[in-house]
Amino acid sequence: MKNLVPAILEKVKGCFKQDSFALWGLLVILLNFVMLHGIGFASDLTFWRHWVTDLQQGVGNFTGNYPPLYVLWLRVVGAIYQVTGLNMDLEYELKQFCLFPVILAHISLAHFVWLRIHKKSWLPEVKTIVMLLVVANPAFYLDGPIWGQVDVLPVTFCVWGLWYASKPKTYGLGMALFMLGLLTKFQMIMFLPVFGALSLRYRKVMWQGLLSMAGVFLLVFLPFIIAGNFSKEFTQAYLSTIDEYPYASMNAGNLWMVFSGNMTPQSRPIFEWAPSFMNPGLLGKIFFVVVSVAVMALTFFKRLPVSRVMTLAALNALAFFMILPCMHERYVLAAAVVAIAGVACKNRPVVIWAVLLSMVAFLNISMMTSIRGSALWFWIAMAGIVVMLAYMVHTFAPAGLDKALRVCGKVKLPALVPYALFALIYLVDVGGSYLQQAKTAYHLKKGESFVYDLKLLHQSQGYGNTNIGKTVDNNPLHLNGTLYLNGIGSHAPSKHVYALPENASRFTVTCGVDDESGNGVVEFIVRIDDKEIWRSGRMEGRQTATADLDIRGGKKISLETDELGSKNFDHIDWVNPVVHVD
């Protein structure tokens, strides 16, 4: 145990001495920040908002079912929101804060693979393929920055843990990392047979592993112990979740999807004529135990190299997803991650299984979410422009492109650069969001109220539902690139009628077609007691109009939009709609 801390410091120092990983790390950062613009599940993001709000009062108030390590990060996120006053309804910023450790883990995972392969005598093309499997794997981005899940983080802990636990000198460090994985996501129990076999293999130093795991466990749970919430948090995260989803398969393309279908009770027999014990709940557990025992025996008795240890861990992770009941679609991602790490540890590159597992993970996750989001169009367009220009140079001046690639290949940046840039981007992004919000947030003064806080008399629109503070598609309000926190998101043709307070004197508003649509064509109209007092004229995307209207003597105000022909893409916003009272 006394050598554990120096070993950690030495390994970290050794990683940062490398100088050619930087470009790959920068690509990981770029892709993650672009994909953060993708649309996740509003219901899942609601969990983050609720938990972050609870944790702003301390970990003693946490009532969620997530393991403690990630909960502690959400406590930090809560403090960030408290200090900055940022609006938690902004999806991009929320995912950015919540997924900070996930993106950092993705950089670390890419660094792990690069460290294993950069000195191997493989063909450069093969090395590139292996790096792309970890840097540009679509399953990673669907699960993480687009959806908002954290599965890459605990698996990365386990990948580094398997590497170190496979060697007697660093076995204690490896077991500590495995514990960090368990304290981030309970599903990492899928790797227990492999780590258990390694512990039995190194019986003489097993005490180091047990001690390091106990130390990490106590350190992470310490805030909960101090807050008097240890028992509740442990029960919520590890005991109550076991039977939380009692289905054979929950959107997971595995064995039980074939035999029982989706969302079928795990206690139901797989055939109508079968006895009651032939159900996914029992059979799945038996089959998985058989596979796990075989994996554990092979790991222990064969004294395998780390590459084979990784392969067995990936196999057990795949069996965990494919055979056990109650699986979600995302849990197969762990098998793909460890399989890619295993390829990097081999002497001969065999990428087929890593590719296939990545495809299985991508297809499973894509059944629940996809790459979509209006803000992604800009980046898709930029990618297309870059590819087109590169293809032109390749076609008309191939020697120039080869020379440019050779120059890029000679760029030597310290491996610390991606990590430093990652932190810098976060600071700049947070500052930018804070300044933008401070610029566009409307703070009501005495005698002012938002029109949507008045009594609603009538509401109708051509598509979807009216949202307050969000667009018709439930995204933040954006007009001509500017974020607005207060307003009405609707769809033309629309009509919203509100009762005016006594002594109402003025109505001020800015309106336009929201950027999420871009190509809608509408006209905005304001009426007081059915009498038109303002009309914007024809408006298209990226145009805004502002009105300051006299409404004295009015009893009701009507905000209307005309679709001017087709109503397709007519996503309209009334932002900062303020009624002033004398």
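Computed from a prediction, not measured in an experiment: that's the story for all the values here.

Rules and cut-offs
Residues numbered from 1 in each chain as written. Predicted model: local features only at pLDDT ≥ 70, side-chain atom pairs only at ≥ 80, totals over all residues. Heavy atoms only, no water. Helix = DSSP H or I, 4+ residues; strand = E, 2+ residues; numbered from the N terminus. Buried < 20%, exposed > 50% of the residue type's maximum accessible area, 1.4 Å probe, protein only. Contact = heavy atoms within 4.5 Å. Areas by Shrake-Rupley, 256 points an atom, 1.4 Å probe, with all protein chains shown as cover. Phe/Tyr/Trp six-rings, centres within 6.5 Å; stacked < 30°, edge-to-face > 60°. Lys NZ or Arg CZ within 6 Å of the ring centre and 35° of its normal. Pairing = 2+ DSSP bridges. Core = buried A, V, L, I, M, F, W, Y, C linked by side-chain atoms within 4.5 Å. pLDDT = per-residue confidence, 0-100. 1 Å grid on protein atoms, 1.4 Å probe; cavity = no way out; pocket = protein on both sides within 12 Å on 5 of 7 lines; lining within 4 Å. Points joined across faces, edges and corners; volume = space filled by probe spheres on them. Nonpolar A, V, L, I, M, F, W, Y, C, P; charged D, E, K, R; others polar.

Student: When you look at the overall build of the protein in this model, what are you seeing that I'm missing?
Tutor: In terms of regular secondary structure, the protein is built from 21 helices and 16 strands. Viewed in the frame of its principal axes, the protein has a C-alpha envelope of about 90 × 70 × 55 Å. Evaluated residue by residue, the protein yields a buried proportion of 52% over its 582 residues. A sequence separation of at least 24 residues applies to 76% of the contacts in the protein between residues at least 6 apart. Taken as a whole, the protein presents about 26700 Å² of accessible surface, with 65% of it coming from carbon and sulfur.

Student: Explanation requested: the packing of aromatic side chains in the structure shown.
Tutor: Where two aromatic rings form a pair, the distance of their centres and the angle of their planes describe that pair. Here the structure, examined in full by the defined rule, presents 38 aromatic pairs. Here the aromatic rings of tyrosine 81 and phenylalanine 97 are separated by 5.3 Å at their centres, their planes lie at 85 degrees, and the arrangement is edge-to-face. Within this pair, whereas tyrosine 81 is found in helix 4 (residues 68-84), its partner phenylalanine 97 is found in helix 5 (residues 91-98), the two being separated by 16 residues in sequence. Take tyrosine 81 and phenylalanine 97: they sit in the same class, and that class is buried. When the centroid spacing of 6.1 Å and the interplanar angle of 65 degrees are considered together, the rings of tyrosine 442 and phenylalanine 450 count as edge-to-face. Classification of tyrosine 442 by relative accessible area gives partly exposed; the value is 22%. With relative accessibility at 6%, the residue phenylalanine 450 sits in the buried group. Through successive ring pairs, a cluster of aromatic residues spans Phe186, Phe217, Phe221, Phe224, Phe230, Phe234 and Tyr238. Sitting over the face of the ring of tryptophan 163, arginine 116 holds its NZ or CZ atom 4.0 Å from the ring centroid.

Student: Would you explain the pairing of strand 9 (residues 494-499) in this entry?
Tutor: Looking along a regular strand, one sees the side chains alternate between the two faces of the sheet. Bridging between strand 4 (residues 456-461) and strand 9 involves five bridges; their strand directions are antiparallel. The residue bridging serine 460 from the neighbouring strand is lysine 495, located in strand 9. Sheet analysis places strand 9 next to strand 15 (residues 556-562), joined by six bridges and oriented antiparallel. Among the inter-strand pairings, serine 494 is bridged to a residue of strand 15, identified as threonine 561.

Student: How do you make sense of the environment of serine 212 when you look at a structure like this?
Tutor: The residue serine 212 is located in helix 12 (residues 206-226) in this model. Between the C-alpha atoms of serine 212 and tyrosine 171, which are 41 residues apart in sequence, the distance is 9.7 Å.

Student: Is there a simple way to think about the nonpolar core in this case?
Tutor: Grouped burial of nonpolar side chains is what soluble globular proteins tend to show. One finds Trp48, Phe191 and Met310 to be the most contacted residues of the largest nonpolar core, which totals 120 residues. If one sorts the elements of this core by residue count, helix 17 (residues 333-345) sits on top with 12 residues. Contact partners of phenylalanine 191, with chain neighbours within four places excluded, come to Cys158, Phe178, Ala313, Ala317, Ala334 and Val338. Among the nonpolar cores identified, the runner-up in size contains 29 residues, and Phe524, Ala547, Trp574 and Val579 belong to it.

Student: Please clarify how the confidence of the model for the protein should be interpreted in this entry.
Tutor: Mean pLDDT over the protein: 90, with 96% of residues reaching 70 or higher. This model gives residues 11-19 a pLDDT under 50, and the stretch forms 19 contacts once residues within four places in sequence are excluded.

Student: Got a minute to help me understand the side chain of threonine 471 in this structure?
Tutor: Secondary-structure assignment places threonine 471 in the loop between strand 5 (467-468) and strand 6 (477-479). Note on threonine 471: relative accessible area 0%, which makes it buried. Not counting chain neighbours up to four residues away, the residues in contact with threonine 471 comprise Pro476, Leu477, Gly489, Asp514, Glu516 and Asp573.

Student: Whenever I open this one, the pairing of strand 14 (residues 544-550) confuses me. Can you help?
Tutor: The side-chain alternation of strand 14 yields one buried face, formed by Ala545, Ala547 and Leu549, and one unburied face, formed by Thr544, Thr546, Asp548 and Asp550. Pairing of strand 10 (residues 504-513) with strand 14 involves seven bridges; the strand directions are antiparallel. Residue pairing across strands places phenylalanine 507 opposite leucine 549, the latter belonging to strand 14.

Student: Quick question: what am I supposed to make of unusual backbone geometry here?
Tutor: In terms of backbone geometry, most residues other than glycine have negative phi values and most peptide bonds are trans. Residue proline 493 is reached from alanine 492 by a cis peptide bond, and omega for that bond is -5 degrees. Tracing the sequence through the fold places proline 493 in the loop between strand 8 (487-491) and strand 9. Of note, methionine 263 is a non-glycine position whose phi angle comes to about 60 degrees, a positive value. With a phi angle near 50 degrees, leucine 564 is a residue other than glycine that sits in the positive phi range. Along the chain, the position of leucine 564 falls in the loop between strand 15 and strand 16 (571-581).

Student: Can you help me understand empty space enclosed by the protein in this one?
Tutor: Any empty space left between atoms is shown by rolling a water-sized probe over those atoms. If you walk through the whole model with that rule in mind, you get two cavities of 30 Å³ or more. There is about 50 Å³ of room inside the largest cavity. Every residue along the wall of the largest cavity is listed here: Asp151, Val155, Gln187, Met188, Met190, Arg330, Tyr331, Leu333 and Ala334. Split by residue class, the lining of the largest cavity holds six nonpolar, one polar and two charged. Counted as a void, the second largest cavity has a volume near 30 Å³. Lining the second largest cavity are Asn32, Val102, His106, Phe140, Gly144, Pro145 and Val152.

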